[in-house]
Amino acid sequence: MKTISSMMYACAFFASITATCAYSANDVAPLKKELSIGADLNYPPYDYYVDGKPTGFDPSLLALLAKRMNVELTFSDTRFASLLLGLKSNRFDLASAGMYVTPERAQQINFLPYMKTGVSLVVLKGSANQPLTPEELCGLRVSSIQGAAWIPKLTEFSKTGCVDKGKAPIKLSEFPSSAEAVQTLFAKTADVQTEDAAVAAVAVKNTAGRIEISSKEILYPVVGGYGLRKDNEVLLTAMTKALQDIKDSGEYAALLKEYNLAEPSKEEISAALGKTN
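Residues numbered from 1 in each chain as written. Predicted model: local features only at pLDDT ≥ 70, side-chain atom pairs only at ≥ 80, totals over all residues. Heavy atoms only, no water.

Taken in spatial order, the 3 strands of this open sheet run E2-E3-E4, and their pairing is antiparallel. With one partner strand each, in any of the chains shown, strand E2 (42-43) and strand E4 (53-55) form the two edges of the open sheet. With 3 bridges joining them, strand E3 (residues 47-50) and E4 adopt antiparallel strand pairing. Each residue of the ladder has a partner; that of Tyr48, found in E4, is Thr55. (Pairing = 2+ DSSP bridges. Helix = DSSP H or I, 4+ residues; strand = E, 2+ residues; numbered from the N terminus.)

What follows is the structure, given as structure tokens:
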């Protein structure tokens, strides 16, 4: 199977300069020339619109990968909570939205891990609540984007770290987009917003300092990855090769630096996927 996948990738990758490749009836279809991307384009700095064009870290990285793979990209604006369903129902080929890699998600889809980030706690500028850690969220109203990987962790901590210790639970509310979650701070219907660290930094800048990050360290460090269907090994193989190519060229490191992100180690990727050595 590995040999077949490698052969199909080579055919797809060099299709523009070589003769047409032949496939037997037992082979999976070769890499398509147009890849459809499901992305929450309301999630700066990862995925967002500027003048009607998908912009941010993910579209920039995907453009570099697409150039190596000799494919075109089309984007479908999809709210974060619907990305996994859309991917598995063949609405698009790849899910992109700063998606965190977790063992639970890895059971449903394949991942191409490509960056490392974490969670920040966001409050109104000058708020009396300035939580540094989850321990200080007990009894507070906390908003978040729906379906975020840190939701189960906060829910569990609310029970074990708050209620079981005689404290009030974390009052957690989820919203379809990050923009809607941050509005709860302005409306004063939430005390704290939990947000991806890179997204939070951009939000502080875009709101002219009306909000601030109260946490001093990144909480729940995580690996982010592109989601692909389990049956699309051809695409995973091609993207893995393309990612290594831009690592070798230095373009990947430059893009990570621009967006204040980091490359995950092999050990961190294995842990995120739930693999044991």
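That covers the picture; the talk isn't over yet.
Now for the pairing of E3. In the sheet, E2 pairs with E3 via 2 bridges, with the strands oriented antiparallel. Its bridge partner being in E3, Tyr43 is matched across the sheet by Asp47. Where E2 hands over to E3, the hairpin turn is made up of 3 residues, counted between the paired strands.

A cis amide bond links Pro44 to the next residue, Pro45, at an omega of 10°. Take Pro45: it is sitting in the loop between E2 and E3. Of note, Asn70 is a non-glycine position whose phi angle comes to about 60°, a positive value. Inspection of the secondary structure puts Asn70 in the loop between helix H2 (57-69) and strand E5 (72-77). The partly exposed category is assigned to Asn70, whose relative accessible area is 33%. Its identity as a non-glycine residue notwithstanding, Ala208 has a phi of 55°, on the positive side. Positionally, Ala208 belongs in the loop between helix H7 (197-206) and strand E11 (211-213). Of the residues examined, Ala208 reaches a relative accessible area of 71% and is grouped as exposed. (Buried < 20%, exposed > 50% of the residue type's maximum accessible area, 1.4 Å probe, protein only.)

Between side chains of opposite charge, pairing is possible as soon as their charged atoms come close. Under the defined criterion, the tally for this structure stands at 11 salt bridges. Arg68 serves as the salt-bridge partner of Glu251, at 2.3 Å between the closest nitrogen and oxygen. With Glu251 in helix H9 (residues 251-258) and Arg68 in helix H2, this residue pair connects regions lying 183 residues apart in the sequence. For Glu251, a relative accessible area of 28% gives the class partly exposed. Via salt bridges that share partners, Asp40, Asp77 and Arg79 belong to a single interconnected network. (Salt bridge = Lys/Arg side-chain N within 4 Å of Asp/Glu carboxyl O.)

Okay, the nonpolar core next. Counting residues in hydrophobic clusters, the biggest one holds 68 residues, and the most contacted among them are Phe57, Leu61, Leu65, Met69, Trp150, Tyr226 and Met239. Counting residues in each nonpolar core, the second largest holds 7 residues, with Val182, Phe186, Ala200 and Ile211 among its members. (Core = buried A, V, L, I, M, F, W, Y, C linked by side-chain atoms within 4.5 Å.)

Our next topic: the state of the cysteines. Enumeration over the complete set of coordinates arrives at 1 disulfide. Bridging Cys138 to Cys162, the disulfide has an S-S length of 2.0 Å. Residues Cys138 and Cys162 are joined through a disulfide that is left-handed, its torsion about the S-S bond being -80°. With a gap of 24 residues between them, Cys138 in the loop between strand E7 (110-124) and strand E8 (141-145) and Cys162 in helix H5 (residues 151-162) connect regions that are remote in the sequence. Judged by its relative accessible area of 17%, Cys138 falls in the buried class. (Disulfide = S-S within 2.5 Å.)

In an α-helix, one turn spans 3.6 residues; hence positions three or four apart end up facing the same way. Taken together, the buried positions of H7 are Ala197, Ala198, Val199 and Ala200. At its buried positions, H7 is contacted by E2, E7, helix H6 (178-186), strand E10 (192-196) and E11. Its side-chain oxygen placed 2.9 Å from the backbone nitrogen of Ala198, Asp196 serves as the N-cap of H7. Just past H7, the residue Ala208 takes up positive phi, approximately 55°. (Contact = heavy atoms within 4.5 Å. Polar contact = N/O pair within 3.5 Å; in protein donor to acceptor, adjacent residues only side chain to side chain.)

A few words on the packing of H2 against H9. Contact pair H2 / H9: the axes reach a minimum separation of 10 Å and the direction vectors enclose 170°. Relative to H9, the element H2 lies roughly antiparallel. Residue-level contacts link Phe57, Ser60, Leu61, Leu64 and Arg68 of H2 to Glu251, Tyr252, Leu255 and Leu256 of H9. Of the residues in the contact of H2 with H9, the class split is 6 nonpolar, 1 polar and 2 charged. (Axes fitted to C-alpha atoms, helices over the stretch in contact; angles between N-to-C directions. Parallel < 35°, antiparallel > 145°, perpendicular 65-115°, else oblique. Nonpolar A, V, L, I, M, F, W, Y, C, P; charged D, E, K, R; others polar.)

In terms of strand pairing, E8 meets strand E9 (residues 171-175) through 5 bridges, oriented parallel. Pairing of Ser144 across the sheet is with Glu174, part of E9.

Treat this as a map of the structure, not an account of what it does.
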